[in-house]
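# Observations on the three-dimensional arrangement
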Amino acid sequence: MPLSLTLVTTFTFVLAVSGCISGFLAGLLGVGGGIIIVPVLYHVLAAFDVDMALRAHIAVGTSLATIIPTSLQSIRTHRAKGAVDATLLRFWAPFVGLGVLVGVLIARFAPGTLLTAVFGMVAAIVAAYMLFTREGWHPFAALPAKPAQAGMAGGIGTLSTLMGIGGGTLTVPVLSVFSYPVRRAVGTASVVGLIIALPGTLGYIFNGFGREGLPPLSLGYVNLAALLAIVVTSMWFAPMGARAAHTIAPTHLRKAFGIFLAITSIKMLADVLP
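Below: a short report on this structure.

Conventions used here
- Residues numbered from 1 in each chain as written.
- Predicted model: local features only at pLDDT ≥ 70, side-chain atom pairs only at ≥ 80, totals over all residues.
- Heavy atoms only, no water.
- Helix = DSSP H or I, 4+ residues; strand = E, 2+ residues; numbered from the N terminus.
- Buried < 20%, exposed > 50% of the residue type's maximum accessible area, 1.4 Å probe, protein only.
- Phe/Tyr/Trp six-rings, centres within 6.5 Å; stacked < 30°, edge-to-face > 60°.
- Lys NZ or Arg CZ within 6 Å of the ring centre and 35° of its normal.
- Polar contact = N/O pair within 3.5 Å; in protein donor to acceptor, adjacent residues only side chain to side chain.
- Core = buried A, V, L, I, M, F, W, Y, C linked by side-chain atoms within 4.5 Å.
- Contact = heavy atoms within 4.5 Å.
- Salt bridge = Lys/Arg side-chain N within 4 Å of Asp/Glu carboxyl O.
- Patch = residues over 30% accessible without salt bridge, like charges linked within 9 Å, V, L, I, M, F, W, Y side chains within 5 Å.
- Areas by Shrake-Rupley, 256 points an atom, 1.4 Å probe, with all protein chains shown as cover.
- Expected span 1.5 Å × (residues − 1).

### What about unusual backbone geometry?
At Asp49, a residue that is not glycine, the phi angle is positive and equals roughly 60°. Relative to the helices and strands, Asp49 resides in the loop between α2 (34–47) and α3 (52–80). Judged by its relative accessible area of 53%, Asp49 is exposed. For Ser179, which is not glycine, the phi torsion reads 65° and is therefore positive. Along the chain, Ser179 falls in the loop between α7 (168–177) and α8 (182–208).

### Side note on the packing of aromatic side chains
One pass over the full model with this rule turns up three aromatic pairs. For the ring pair Phe91 and Phe95, a centre distance of 5.3 Å and an interplane angle of 50° mean the geometry is tilted. Taken together, the residues span about one helical turn, with Phe91 and Phe95 both in helix α4 (residues 86–109) at a distance of four residues. Since its relative accessible area comes to 23%, Phe91 is described here as partly exposed. On the basis of relative accessible area, Phe95 is assigned to the partly exposed category, the value being 29%. Note on Trp236 and Phe237: the rings are 5.2 Å apart at their centroids and 75° apart in plane angle, and the pair reads as edge-to-face. Just above the ring of Phe91 sits the side chain of Lys146; from NZ or CZ to the centre is 4.7 Å.

### Concerning the environment of Asp51
Among the secondary structure elements, Asp51 is positioned in the loop between α2 and α3. By relative accessible area, Asp51 is classed as partly exposed at 45%. For the pair Asp51 and Gly213, spaced 162 residues apart in sequence, the C-alpha separation works out to 6.9 Å. Looking at Asp51, its side chain comes within polar contact range of the main-chain nitrogen of Ala53, at 3.0 Å.

### A look at the nonpolar core
Among the nonpolar cores identified, the biggest contains 68 residues, and Leu15, Ile35, Trp92 and Phe119 are the most heavily contacted of them. Ignoring sequence-local partners within four residues, the contact set of Leu15 consists of Val40, Leu41, Ala226, Ala229, Ile230 and Thr233.

### Concerning the pattern of salt bridges
Under the defined criterion, the tally for this structure stands at two salt bridges. In this structure, Lys267 and Asp271 form a salt bridge, with 3.0 Å as the shortest nitrogen-oxygen distance. Linking Lys267 with Asp271, this pair stays in helix α10 (residues 251–272), spanning four residues, or about one helical turn. Under the relative-accessibility criterion, Lys267 is labelled partly exposed at 40%.

### Regarding a nonpolar patch on the surface
Together, Leu98, Leu101, Val102, Ile106 and Leu114 make up an exposed nonpolar region whose accessible area comes to about 420 Å². For the nonpolar patch, the element with the most residues is α4, which contributes four residues. Residue classification places Ile106 among the partly exposed residues on the basis of a relative accessible area of 34%.

### Some details on the side chain of Ser265
In this fold, Ser265 is placed in helix α10. Among all residues touching Ser265, those that are not within four sequence positions of it are Gly120, Ala123 and Ala124.

### Structural notes on the environment of His252
Inspection of the secondary structure puts His252 in helix α10. Overall, the relative accessible area of 71% leaves His252 in the exposed class. Once the C-alpha coordinates of His252 and Arg90 are considered, the two residues, 162 residues apart in sequence, prove to be 33 Å apart.

### A few points about α2
The α-helix advances 3.6 residues per turn, and as a result positions three or four apart in sequence lie on the same side. With 14 residues, α2 should cover 20 Å at 1.5 Å per step; its first-to-last C-alpha distance of 19 Å lies within 8% of that length. Here α2 lies mainly inside the structure; eleven of its 14 residues are buried. Burial in α2 covers these residues: Gly34, Ile35, Ile36, Ile37, Val38, Pro39, Val40, Leu41, Tyr42, Val44 and Leu45. Note on α2: the residue one or two positions beyond its end, Asp49, has a positive phi of about 60°.

Here it is in structure tokens:
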């Protein structure tokens with residue numbers, strides 16, 4: 001993997017900018033910065049000629065690692081505003097954690113193309129939700145029974161671990177469908193993100209430990225150089241997004257983000273489909 005000053009500079013700049021955007025969106029919409037970081041890092045790794053079989057794993061593992069500090073920042077802001085539902089979290093947390101373990105196990109044996117396909121398909125579903133559902137769309141009046149909630153929490157944990165996202169991308173839309181207050185959903189999702197990111201990161205470090213072809217400064221499937229470039233900026237912008245979530249209606253941003261996700265999903269699916 002040949003390195004040059006231009007490539008290193010571009011790598012750092014692109015990831016720093018994506019950290020700003022992902023951190024702000026993580027706080028504002030509760031979508032989790034990984035939904036931006038994974039596709040950006042995936043294509044930056046391609047520019048560095050990283051083996052295609054490794055790109056998705058590195059992008060996902062590194063993304064999960066970046067979510068840890070960003071979630072801590074968002075949690076602090078949302079808790080101060082009383083937007084974290086501790087009761088819901090006490091029930092959901094074990095099932096989210098179980099889902100993470102399932103996701104790590106699948107990722108250990110799954111080819112990179114599967115992770116890319118999962119990301120592309122789920123991103124397309126989330127894009128459709130953001131683009132074609134109206135703000136305040138709540139088809140159900142309340143959360144379902146506990147067994148169904150357990151399944152939802154486990155599914156969020158598994159899919160988020162395979163995608164490298166913090167859970168907010170899935171948690172907020174799911175809760176909103178059941179008439180859950182959106183700002184409380186965003187705050188609660190920030191904690192779900194931490195529950196996913198901590199064990200998920202450790203799993204990807206373990207899964208990738210000793211693999212050949214990893215880029216320099218990699219700890220398993222977590223690239224420390226990318227982690228630093230993203231975290232420095234995302235930690236700065238996450239509290240700004242969390243504060244903005246309590247003062248503005250992000251309707252236009254929601255639509256723009258949906259378009260971004262749609263384009264991203266098409267590009268990533270095109271990479272793996274024959």
